[in-house]
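# Tertiary structure, described
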Amino acid sequence: MGDNSGQFVSARHMTFAESKVVDGKILPTDRVVIPARNEAGSIGSTIGHLVQTGFVPEQIIIMVNHSTDKTAEIAQMFGVTVHDQAAILTSQIVERLEKEYGVEAIRLKGKGSAMFAACLELERAGTPDDARIFFLDADITNLDEVSPIPLLLAGWETWNGGVRIVKLASLGRNNEGILASLGLPRMPYMGIGALQWPLCGQMSLRWKDLRRMRGATRYAIEMAMLMDILEREDTPAVFGEVELGTVLHDKKNNDHDHTVMYRGILAYITQLLQVDGWWKLHALTRQQIAVLNSESGKQHPFWAPAKTGNGVSTFQAFPLDAILPSVAELQIAPSTV
């Protein structure tokens, strides 16, 4: 794959109207993963929506990520599978991540880390290769209107193996900053720009693809997944997106939060492009990842806008996303229970 690879990749797109006439079915092997941090106010309605959609509680996995509220206790009331990320990322695993990949324990606090922990559990459970894993954010306040699962199912039913990942297409949310960056000259990940909403957290993919993906600890997780798929796929259409019928409402980020988020994502991409002679995420050696993680773990001050939306910017330093290994390469043994 050369410097201009991925430029002409086209995503398959389904309009909302088209999705409404497709009746996709929830399968017994389907699983829904919900990373949740301090979502006590919404986790109950999120689980209730999934059950109404057709999932049984045993198919729903809540990965609680450093919460300080009652997210876990409320979720447990619904009979779903609830895990605490800190319990999944055992001292042995954390030690391996630091020793082999340069990921310090203090950096395992973001959304990507929660998704990684969920993948470890799916691996231990011996999840079938063709099982579909659905990811859903816990902070969507109008789930019943958006109804993301039927939209994702419509994509699977229509494309039937023709795509590696199905995501939701935006309605008024196009991730302009990322799309513009992907359009820079010689950007090898330009193909991801074929998606309207690359950073959407509502998506689904097969376990056989998910288990071999390298990820990111924080905000860059969705981009890391797309980059991995783009690198590995050898057919023109690798992404599928299904249009929303209404605007999705979730927690609103201020300019400060958006700046931190986009900085982290672009830094994740940039560090890969700086690897001498090789930039494919899935092909990096452990030593290369450890070096990159060591660099991204340093304090890199930058000017960030005030959280209040007015006033001068402040000089701040945040750790960047670390590259996480795939669960396949960690070789976690399936549970015997």
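Being a predicted model, the structure only gives us computed values, none of them experimental.

The next point concerns the confidence of the model for the protein chain. Per-residue confidence for the protein chain averages 91 on the pLDDT scale, and 94% of its residues sit at or above 70. Counted against residues more than four places away or in other chains, residues 1-7, with its pLDDT under 50, gives 18 contacts.

With that settled, the discussion passes to unusual backbone geometry. In this structure, H66 is a non-glycine residue whose phi angle is positive, near 55°. Positionally, H66 belongs in the loop between β3 (60-64) and α3 (71-76). Taking relative accessible area as the criterion, H66 reaches 32% and is therefore assigned partly exposed. Positive phi values are uncommon outside glycine, yet N175 reaches one of about 50°. Its place among the elements puts N175 in the loop between β6 (165-169) and α9 (176-182).

Counted at 1.5 Å a residue, the expected span for helix α11 (residues 221-232) with its twelve residues is 16 Å, and the 17 Å between its end C-alpha atoms agrees. The buried count for α11 comes to eleven of twelve residues, which makes it a mostly enclosed element. I221, E222, M223, A224, M225, L226, M227, D228, I229, L230 and E231 are the residues of α11 that are buried.

The full count for this structure, using the stated rule, is 16 salt bridges. Note that D30 is salt-bridged to R132, the shortest N-O span being 2.8 Å. Separated by 102 residues along the polypeptide, D30 in the loop between α1 (16-19) and β2 (31-36) and R132 in strand β5 (residues 132-135) bring together distant segments of the chain. Neither D30 nor R132 differs from the other in exposure class; each is buried. Connected through shared salt-bridge partners, R96, E100 and R286 make up one network.

About the thresholds
- Residues numbered from 1 in each chain as written.
- Predicted model: local features only at pLDDT ≥ 70, side-chain atom pairs only at ≥ 80, totals over all residues.
- Heavy atoms only, no water.
- pLDDT = per-residue confidence, 0-100.
- Contact = heavy atoms within 4.5 Å.
- Helix = DSSP H or I, 4+ residues; strand = E, 2+ residues; numbered from the N terminus.
- Buried < 20%, exposed > 50% of the residue type's maximum accessible area, 1.4 Å probe, protein only.
- Expected span 1.5 Å × (residues − 1).
- Salt bridge = Lys/Arg side-chain N within 4 Å of Asp/Glu carboxyl O.

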